[in-house]
Amino acid sequence: MLKSRLSAWFAIWMALLTAAFYRWPDMHMLWWGAIGLSSVAGVVVGVIVHKPNRRWPWLLLATALGCFGLGDFFYNVLTDVLGLQNPFPSFVDVLYLAMYPLLAGGLLGFIRSRTGRDNRESLIDAATFTIGLALLSWIFLIDPYVRSTELTLPQKLASIAYPLGDVLTLAVFARLLTGGVRRNGSINLLGLGTAGLLAADVVYGLIQLNGSWHVGGPTDLGWVVCYSAWAAAALHPSMVQMTEPTRAATADLGGRRIALMGAASLIAPGVLLVEAGLGTVRDAAVIAACSGVMFALVLTRLAGVMGNHRQSLTRERELREATTTLVSAADAGEAISAVQGTLKRLLPADTPHVVTLVRVEAEAQLPAPGLVRVSGLAPDLRERLREFSSTLRHPLGTSDVLYLAAPTEVLQALQPTFEVLAAQAAMALERITLTAEVNRRSSEAYFRTLIHNTSDVILIVDDNDVIQYASPSAGTVFGDEHIAGYELWAFVAHDERARLAERLGRVRAGLHPHDVMDVRAERVDGSGLLVEVDCRDLRADTTVGGLVMTVRDVTERRRMEEQLIRQAFHDSLTGLANRVLFGDRVEQAVFRGQRDGSLVGVLFIDLDDFKIVNDTLGHAVGDELLQAVGKRITGELRPTDTVARLGGDEFAALIEADTMAGLELAAERIIIALAEPFPVAGESVNGISSIGLSTTIEASSAEELLRQADLALYVAKGAGKGQWRRYQSDLHTAVLERLELRAALDQAVKEHQFVLQYQPIVDLATGVPLGFEALVRWNHPTRGMIAPGHFIEVAEESGLIVPMGRMVLRQALDTAGRWQRSTAPGALQYISVNVSARQFRTPGFVEEVRQMLHASGVDPATLLLEITESLLLRNDDTVRADLDALRAMGIRLAIDDFGTGYSSLSYLQHMPIDVLKIDKSFIDDMLSSAQQRAVVTAIVQLAQTFNLSVVAEGVEQPGQRDALREIGCPYGQGYLFAKPLPEPDAFALIPKTAPFAAMA
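Since we're looking at a predicted model, the values are computed, not measured.

1. A few points about the overall build of the protein chain
Secondary structure summary: the protein chain contains 34 helices and 25 strands in total. The buried share among the 1000 residues of the protein chain stands at 46%. Considering only intrachain contacts with a sequence separation of at least 6, the fraction spanning at least 24 residues in the protein chain is 67%. Total accessible area on the protein chain is roughly 48,500 Å²; 58% of this is exposed by carbon and sulfur atoms.

This is how it looks when you write it as structure tokens:
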């Protein structure tokens, strides 16, 4: 109570002394000395009574008041005792002037203690306000002293020093007020005292300029207010807050501050207007300098406002992200980690700081939140935060306090954000605590419900293997839930009891504290099942007192696992072993062969024409054929041999034999067996196959054995259909040559090494050429011209036939275009180009042909495209649509090598075909074989029936020509008429004036 009223009692005391000073002026020296001494004593008493954390700012203030009081005392001595009239200047002025830096030092101590060192916004605001008032001081006080001719130099310097001291005091106090701190009684009293000092000093200066000052006037009242208010500020209880760090209030430009700063900024132009109105502008340079400085300060202040705004947005974003993280935090550690990470991001980069969480004893009271001194904390916490003077703290829940230590000015700026974040963290921790408590309270009921409703059976078995407890699910698994009291062995298959007893003994001995095994068990009705048993020894737990066995019915699961394992190692279509199982069996067989010297062989079996079956008869028939092939292969081998389907139409067999002859005989038997047609879906389907055989005589590992079988199969397929080959070392050469041919062919396509030769097609009756067939040749850089029979098959396998065919078609059309432009109209009737089935099925083929025709300028009716029978065998809507599109463009279509493929003549009626070309193999033997001649005659008659033109290929003898004319074949081509010719030689055969005969 006494502490809170000290300032009031002191105010009464000072009022009495002031009244006595004015009531008995003859004793003013006594009264004034008492006023000065009381003010110094008041400050000292306030420091002693209230014990602020930092005393030196207050002691500086007391020293300033002491200098002020001593100055007054000695001034009274000079005037009243020694009789001097207004002694100025004198040593008394030194005491007076010493007060100003002491006062400024004390106020700066308050600023440093409360708001830190770095507050650029308040410094700018204080400077703006101070410069405005300093300009007035210059105009009305300093400049008159400077211009005065009546004052000596010492008098001028002393007179100027007083207003400068006032400006210093004003600047420092303005900095204290604009620092964003919250006001209290002590600050208000300091402001009142400073105002009194400034007012008295200004009046004193004006009196000194215009007359003679004397003691006892109204001016002294301002200094009385200064004495009284500063001492009362020290006696006020809030004085301890002046040296404590405090949360900074907003330093933004509010309406009141803007008005104050605006008024200060208008002082300079106002003075300029007044002087201009009086007719003399004496202080233009000073006014301009002040205006420029204030303008720069305003711009700097605005930049600071924008920076603060951006910083606020950043902090707001971080708080939102922290809120999201805290809401999703699952435990206290995750929440605290989120708070620590957010504080690190909120602090300026590379700012040293410490974040710590302190647990408060249950009976202790939580400290108040805020910015506090580290020196006032508990010793252990003070040691952790010893690098810093201040720390922010905030309670988290009922038992934890969050501390953030960093530089004081950083903490003051971050305090509002820190409090919001701490509050959110406190709510998150409270939520986590409540959730944990709810979970804890409900766990017992939860697990009780879980045990009673789980499908697993929980058994508690004592040391005598008697069931002491069985969960209700025992009824579902064993057929009776009331099995407690029975021996465990009553529900275990007889031949499993010894194994389970041995495992239980190990669990009881601690050798397997947690073990799982599958056991065949029996239900009450005697039916069997497979269960998974998980056993734990909880005999030491008084609430259990036995072995806890978790029993789960896995009968259906194990059956499904066996089924899945079978699916993983067997082909789903044929039931044979798949590639994975076959590879494993081969590795095991090779290992056994290396150990006991037995002979191991691997057969790779590939159906030669399976793709044609799929294309012509459909995939369903193809699948039935694969199943039948698998059964037929299995039937030709022993039960100990392994037959596998590797994928598609590829099969394999693993045979362990005594001799090489046995392996070769097995390959021969499979070739013969598969050569017999398969009755599938009412059709007789061909299953001709190729086989590659490898043995451990040539291979030392399973991988090498498989690779050699694949190479042997590659050679067998190259030898023709229905062949088998055994791997031999010299096969490498042939395979490598084929691979080298493929690589060279790929390079040839890229480098356009192909050229065209042209063979004429003639009228057999007259020998007149009708057109030309464009035939491709490979102009090899080192081997010269290579016929297509050496590379077309490899081109088909590799897919290079597509870019090669595109190149041939473009070159043929370009040649035809040149020929037509160089001959009479109609001289070149047509040019035929072979198109592979693979090229024809390439998406966009029809459009490519259209573009090539347009680019070459060739009439579409001039182009005859030769396709193979295999393209037409499958009723493919896409193929039919493309053929129709070509015919719609005017292009004619021919079937090449007619009669060599699968015979399905229905397409001759439904497909848009114009020409049949009889294969050379029929022409070769038609003179010596009546059967072959009959076949050719039938083909010609068939073509005439469907109104198709017929061209015989490979005509090499005059007798063949004559025979063809006799049976009605109108056209032919072959070496009898001309070999394939280079472009210039072929061009020479074209009539330049008369057109060719037209093909019917």
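2. What about the pairing of strand E15 (residues 689-695)?
Side chains on a regular strand alternate between the two faces of the sheet. Of all seven residues in E15, seven are buried; the element is thus mostly enclosed. Of the two faces of E15, both are covered, the one formed by Ser689, Ile691, Leu693 and Thr695 as well as the one formed by Ser690, Gly692 and Ser694. Relative to E15, strand E10 (residues 599-607) runs antiparallel, the two being bridged by seven bridges. Across the sheet, residue Gly601 finds its bridge partner in E15, namely Thr695. Across three bridges, E15 lies against strand E16 (residues 724-726) in parallel orientation. Counterpart to Gly692 in the pairing with E16 is Arg725. For the crossover that starts at E15, traverses helix H22 (residues 702-718) and ends in the parallel E16, the hand is left-handed.

3. Structural notes on the packing of helix H20 (residues 619-635) against helix H21 (residues 660-675)
Look at H20 against H21: their axes get within 10 Å of each other, and the N-to-C directions meet at 140°. Crossing angle aside, the handedness with which H20 passes H21 is right-handed. Mapping the contact onto sequence places Val629, Arg632 and Ile633 in H20 and Ile670, Ala673 and Leu674 in H21. In terms of residue class, the contact of H20 with H21 is built from five nonpolar, no polar and one charged.

4. A look at the nonpolar core
Generally speaking, nonpolar side chains in soluble globular proteins are found buried as a group. Formed by 76 residues in total, the largest nonpolar core has its most connected members in Phe754, Leu865, Leu886 and Leu964. Considering each element in turn, this core owes the most residues, 10 residues, to helix H25 (residues 801-822). Listed in part, the 52 residues of the second largest apolar core include Val172, Leu176, Ile187 and Met242.

5. With respect to the pattern of salt bridges
The final tally for this structure, using the stated rule, is 38 salt bridges. The salt bridge involving Asp606 is made with Lys717; its shortest N-O contact spans 2.8 Å. Here Asp606, found in strand E10, pairs with Lys717, found in helix H22; they are 111 residues apart in sequence, far enough to count as distant. For Asp606, a relative accessible area of 9% corresponds to the buried category. The closest approach of N and O atoms between Asp924 and Lys920, which form a salt bridge, is 3.1 Å. Highlighted residues: Asp924 and Lys920, both in helix H31 (residues 920-924), separated by four residues, approximately one helical turn. Its relative accessible area of 32% is what places Lys920 among the partly exposed residues.

6. Let's talk about unusual backbone geometry
One non-glycine residue, Asp465, adopts positive backbone phi at about 65°. Relative to the assigned elements, Asp465 resides in the loop between strand E5 (457-461) and strand E6 (467-470). The backbone phi angle of Asp897 is positive, close to 55°, even though this residue is not glycine. Along the chain, Asp897 falls in strand E22 (residues 892-898).

7. A look at the sheet that holds E15
The strand order across the open sheet formed by five strands is E11-E12-E10-E15-E16, and the pairing between neighbours is mixed. With partners counted over all chains shown, the strands left at the sheet margins are strand E11 (642-647) and E16, one partner each. Pairs of neighbouring strands in the sheet enclose a mean axial angle of 20°, with direction left out of account. The strands that H22 touches are E10, E15 and E16; relative to E15, the one it contacts most, it runs at about 145°.

8. Examining helix H32 (residues 930-945)
Taking 1.5 Å as the rise per residue, H32 with 16 residues should run 22 Å; its terminal C-alpha atoms sit 22 Å apart, in good agreement. Regarding H32, the residues found buried are Gln932, Val936, Thr937, Ile939, Val940, Leu942 and Ala943. Two residues or fewer past H32, Asn947 is found with a positive phi of approximately 60°.

9. Quick look at the environment of Pro769
Mapping Pro769 onto the fold places it in strand E18 (residues 769-780). Accessibility expressed as a relative area gives 18% for Pro769, which makes it buried.

10. A few points about the side chain of Gln757
Structurally, Gln757 is set in strand E17 (residues 754-763). The buried category is assigned to Gln757, whose relative accessible area is 15%. Excluding its chain neighbours within four sequence positions, the residues that come into contact with Gln757 are Glu773, Ala774, Leu775, Arg777, Pro980, Leu981 and Pro982.

11. Some words on the environment of Thr555
Relative to the elements of secondary structure, Thr555 occurs in helix H17 (residues 555-569). Excluding anything up to four places from it in sequence, Thr555 contacts Leu529 and Leu530. Within polar-contact distance, the side chain of Thr555 engages the side chain of Asp553 at 2.8 Å.

12. A few points about the environment of Phe898
Along the chain, Phe898 turns up in strand E22. Since its relative accessible area comes to 4%, Phe898 is described here as buried. Sequence separation between Phe898 and Leu916 is 18 residues, and the spatial gap between their C-alpha atoms is 6.4 Å.

13. Notes on the pairing of E22
Across the seven residues of E22, five count as buried, placing the element largely inside the fold. In terms of strand pairing, strand E21 (residues 863-867) meets E22 through four bridges, oriented parallel. For Leu864, the partnering residue across the bridge sits in E22 and is Arg892. Bridge count for E22 against strand E23 (residues 915-918) is three bridges, and the pairing is parallel. Residue Phe898 lies in a different strand from E23, and its bridge partner there is Ile918.

How each quantity is defined
Residues numbered from 1 in each chain as written. Predicted model: local features only at pLDDT ≥ 70, side-chain atom pairs only at ≥ 80, totals over all residues. Heavy atoms only, no water. Helix = DSSP H or I, 4+ residues; strand = E, 2+ residues; numbered from the N terminus. Buried < 20%, exposed > 50% of the residue type's maximum accessible area, 1.4 Å probe, protein only. Contact = heavy atoms within 4.5 Å. Areas by Shrake-Rupley, 256 points an atom, 1.4 Å probe, with all protein chains shown as cover. Pairing = 2+ DSSP bridges. Right-handed = clockwise from strand over helix to strand, strands pointing away. Axes fitted to C-alpha atoms, helices over the stretch in contact; angles between N-to-C directions. Left-handed = near helix turned anticlockwise from the far one by under 90°. Nonpolar A, V, L, I, M, F, W, Y, C, P; charged D, E, K, R; others polar. Core = buried A, V, L, I, M, F, W, Y, C linked by side-chain atoms within 4.5 Å. Salt bridge = Lys/Arg side-chain N within 4 Å of Asp/Glu carboxyl O. Expected span 1.5 Å × (residues − 1). Polar contact = N/O pair within 3.5 Å; in protein donor to acceptor, adjacent residues only side chain to side chain.

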